[in-house]
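A structural walkthrough
Residues per chain are reported as follows:
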Amino acid sequence: MSRVMPRLIVLSEELIPQVHTRFLGALATVGVRFDSPKGRTLLARAAGGHAGKGPVCLPAFHVMAKPTGARCNLDCAYCFFLKKDRLYPGSDFRMSDEVLEAYVRQTLEGQTAPEVTIAWQGGEPTLMGLDFFRRAVEIEKKYAGAGRRVANSFQTNGLLIDDAWCRFLRENGFLVGLSLDGPRELHDVYRRDKGGRSVFDKVAGAARLMQKHGVEFNILCTVNAVNSRRPLEVYRYFRDGLGARYIQFIPIVERDNDAGDQDGAAVTDRSVDPEQYGRFLTEIFDEWVRRDVGVVFVLFFDAVLASYFFGRSSLCVLRPTCGEALVLEHTGDLYACDHFVEPAFQLGNILETPIAELVSSDRQRAFGRRKSETLPKTCRECRFLFTCHGECPKNRVLTSPDGEPGMNWLCAGLKAFFAHVDRPMTIMADLLRQGRDAGGVMKIMAAEAPSRGAPGRAEAPAPRRGPRARHRVR
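Treat the numbers as computed from the prediction; the structure is a model and nothing was measured. (Residues numbered from 1 in each chain as written. Predicted model: local features only at pLDDT ≥ 70, side-chain atom pairs only at ≥ 80, totals over all residues. Heavy atoms only, no water.)

Time to look at the pattern of salt bridges. Within this structure, the stated rule accounts for 23 salt bridges. Notably, a salt bridge pairs Glu-138 with Lys-141, separated by 3.7 Å at the nearest N-O pair. One end of the pair, Glu-138, and the other, Lys-141, are both in helix 4 (residues 130-144), three residues apart, so they sit about a helical turn from each other. Judged by relative accessible area, which is 49%, Glu-138 ranks as partly exposed. Look at Lys-141 and you get exposed, because its relative accessible area is 55%. Note that Arg-230 and Glu-185 form a salt bridge whose closest N and O atoms lie 3.1 Å from each other. Here Arg-230, found in the loop between strand 7 (217-223) and helix 8 (231-241), pairs with Glu-185, found in helix 6 (residues 184-190); they are 45 residues apart in sequence, far enough to count as distant. Here Glu-185 falls in the partly exposed class, since its relative accessible area comes to 42%. (Salt bridge = Lys/Arg side-chain N within 4 Å of Asp/Glu carboxyl O. Helix = DSSP H or I, 4+ residues; strand = E, 2+ residues; numbered from the N terminus. Buried < 20%, exposed > 50% of the residue type's maximum accessible area, 1.4 Å probe, protein only.)

Below is the structure:
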């Protein structure tokens, strides 16, 4: 349900005149992108890519492959994707070697960036077995070429992770996203196996096994109706109980329908309450900004900080347009987005049309533009538009005070959070512009804690000993 995104810099079209053409090729090779068709075309041409003839070659794009489709060994109550098996009746839900090679080859040949991400998700990708991914790595080596780095990202529920998997992941530099919703009593509420049994011990054991083997991993934690009420308990479990340094919080906004798609305005009672989501983020932020900057990296906080520092977020849900994080099904069908794996959003099949051509198609660009084109006036006039942009389109189920459709379910909570963090975000951005460590904000905010009544500060456990990294915007 989430992803590890490539680290890219995005520039606005108004900067095109300021960039001399002699530098365009260099920008393309280091993963810089413009956010408009004009900028993308200039970069692609400068990098020797598509200029109207021949195969399309783009500076960079991100496609997340689902080699098992919707097949999974868990039965998470809030998982919309389990219902996607209905799209492929009779399928064995296993990606063929033909589709595997096409995905890897086209992903590498279709972009000019010196580092290319090959992303694996599900369903549950470990159900494919280790041999499938050994073949994938060999195919990557075959097509990568000299001087090009391939970065594999891999999301898993952790049930099948053992020593053999850890050795493979470590030896091949995979970045793993491990799904875990907090300590046992919170994780077990919605994340159980097909028999309704707890899987917490296996998942927590997978985290410790990966630590033992030196596998780099992130925690992927959904924020739902239950764990959202215990933010500091969730955060401290990851930080102190597991020793995790990279955490991604994913709000559950689940449409109440039988298809698992984005139709209808009603959401399930498993969905996070908007105001509670804001409080969840705020309480964790208050502890993080006073003691953990540079030690723990929370993706959403980094993404908001990027808006203050670069003027544009690094996270797709907080950017003006979307459509640059596509999904590949086990059959080779390519869809516009992970949250829109529906017939209306199928772009084509990569065995018939190259990935880069589908990524750059007018249809996909229109999908991305609709995010900003359908924003209600209330959002367009909001002072936090620069760092929110209406958040993810899949969550736009409300009507604005003016009666316009397209208001985000999370709006009230996000707006409260953005207002709360505005000053510390501004301080951190100013520190970074001065070439200083953003962690300098901790002393400033900690000194204010008593008067500002920071939640949880008095009972916060002592900081862990160890090296402190400079906090950088990603």
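We now examine the side chain of Asp-292. Structurally, the position occupied by Asp-292 is in the loop between helix 9 (274-291) and strand 9 (297-298). A residue is classified by how much of its surface remains accessible, and Asp-292, at 2% relative accessible area, is buried. Excluding its chain neighbours within four sequence positions, the residues that come into contact with Asp-292 are Tyr-235, Arg-239, Glu-287 and Met-442. (Contact = heavy atoms within 4.5 Å.)

Strands pair in a sheet through their backbones, by hydrogen bonds, and they do so in one of two ways: parallel or antiparallel. Overall, mixed pairing links the ten strands, which are arranged 9-8-7-6-5-4-3-10-11-12 in an open sheet. Taken across any chain shown, the strands that pair with only one partner, and hence form the sheet edges, are strand 9 and strand 12 (346-349). For strand 4 (residues 115-120) and strand 5 (residues 149-156), the ladder comprises six bridges, and the chain directions are parallel. What sits directly across from Ala-119, in strand 5, is Ser-153. Lying over the sheet, helix 3 (residues 97-109) contacts strand 3 (62-65), strand 4, strand 5 and strand 10 (325-328), oriented at roughly 150 degrees with respect to strand 4. Its contacts with the sheet place helix 7 (residues 200-213) against strand 6 (175-179) and strand 7, and it is angled at close to 160 degrees to strand 6. (Pairing = 2+ DSSP bridges. Axes fitted to C-alpha atoms, helices over the stretch in contact; angles between N-to-C directions.)

Let us look at helix 9. Its 18 residues give helix 9 an end-to-end C-alpha distance of 27 Å, which sits within 8% of 26 Å, the value for a rise of 1.5 Å per residue. Extensive coverage of helix 9 is indicated by the burial of 15 of its 18 residues. The N-cap of helix 9, judged by a side-chain oxygen 3.1 Å from the amide nitrogen of Glu-275 a few residues on, is Asp-273. (Expected span 1.5 Å × (residues − 1). Polar contact = N/O pair within 3.5 Å; in protein donor to acceptor, adjacent residues only side chain to side chain.)

A few words now on the packing of aromatic side chains. For the structure shown, the criterion picks out 30 aromatic pairs. Judged by centre distance (5.1 Å) and plane angle (80 degrees), the rings of Phe-133 and Phe-154 are edge-to-face. Residue Phe-133 is located in helix 4, and its partner Phe-154 is located in strand 5; the two are separated by 21 residues in the primary sequence. Among the residues examined, Phe-133 registers a relative accessible area of 0% and is labelled buried. Each ring, one from Phe-168 and one from Phe-174, has its centre 5.2 Å from the other, and the planes form 55 degrees; the classification is tilted. Residue Phe-168 shares its accessibility class with Phe-174, and that shared class is buried. Sitting above the plane of the Phe-81 ring, Lys-66 keeps its charged end 3.9 Å from the centroid. (Phe/Tyr/Trp six-rings, centres within 6.5 Å; stacked < 30°, edge-to-face > 60°. Lys NZ or Arg CZ within 6 Å of the ring centre and 35° of its normal.)

Glancing now at the pairing of strand 3. Here strand 3 shows no split at all, with His-62 and Met-64 on one side and Val-63 and Ala-65 on the other all buried. In this structure, strand 3 lies alongside strand 10, joined through four bridges in parallel fashion. When the sheet's bridge partners are listed, Val-63 is paired in strand 10 with Leu-326.

For Gln-155, the location among the structural elements is in strand 5. Take Gln-155: its relative accessible area is 13%, and that puts it in the buried class. Engagement of the side chain of Gln-155 in a polar contact is seen with the side chain of Gln-121, the distance being 3.1 Å.

This part covers the environment of Glu-352. When you line up the elements, Glu-352 lands in the loop between strand 12 and helix 11 (355-359). Owing to a relative accessible area of 70%, Glu-352 belongs among the exposed residues under this scheme. C-alpha separation for the pair Glu-352 and Asp-333, spaced 19 residues apart in sequence, amounts to 9.6 Å.

Relative to the assigned elements, Asp-240 resides in helix 8. At 2.8 Å, the side chain of Asp-240 forms a polar contact with the side chain of Arg-239.

Let's shift gears to the environment of Leu-232. Note on placement: Leu-232 falls in helix 8. Along the backbone, Leu-232 and Phe-285 are 53 residues apart, and their C-alpha atoms lie at a distance of 9.7 Å.

A word on helix 3. The end-to-end C-alpha distance of helix 3, which contains 13 residues, comes to 18 Å, matching closely the 18 Å that a straight helix rising 1.5 Å per residue would cover. When we look at burial in helix 3, the residues that qualify are Val-99, Leu-100, Ala-102, Tyr-103, Val-104, Gln-106, Thr-107 and Leu-108. Looking at the buried residues of helix 3, the elements they touch are strand 3, strand 4, helix 4, strand 5, strand 10 and helix 11.

The nonpolar side chains of a soluble globular protein tend to be buried with one another. Ranked by internal contacts, the top residues of the largest apolar core, which has 129 residues, are Tyr-103, Trp-120 and Phe-238. If you look at the next biggest cluster of nonpolar residues, it comprises six residues, including Cys-322, Cys-337, Phe-340 and Phe-367. (Core = buried A, V, L, I, M, F, W, Y, C linked by side-chain atoms within 4.5 Å.)

Here we take up unusual backbone geometry. In this chain, Gly-122 is followed by Gly-123 through a cis amide linkage whose omega measures 10 degrees. Along the chain, the position of Gly-123 falls in the loop between strand 4 and helix 4. Of note in this structure, Phe-93 is not a glycine but carries a positive phi near 50 degrees. In this structure, Phe-93 sits in the loop between strand 3 and helix 3. Residue classification places Phe-93 among the buried residues on the basis of a relative accessible area of 11%. Even without being a glycine, His-389 presents a positive backbone phi close to 55 degrees.

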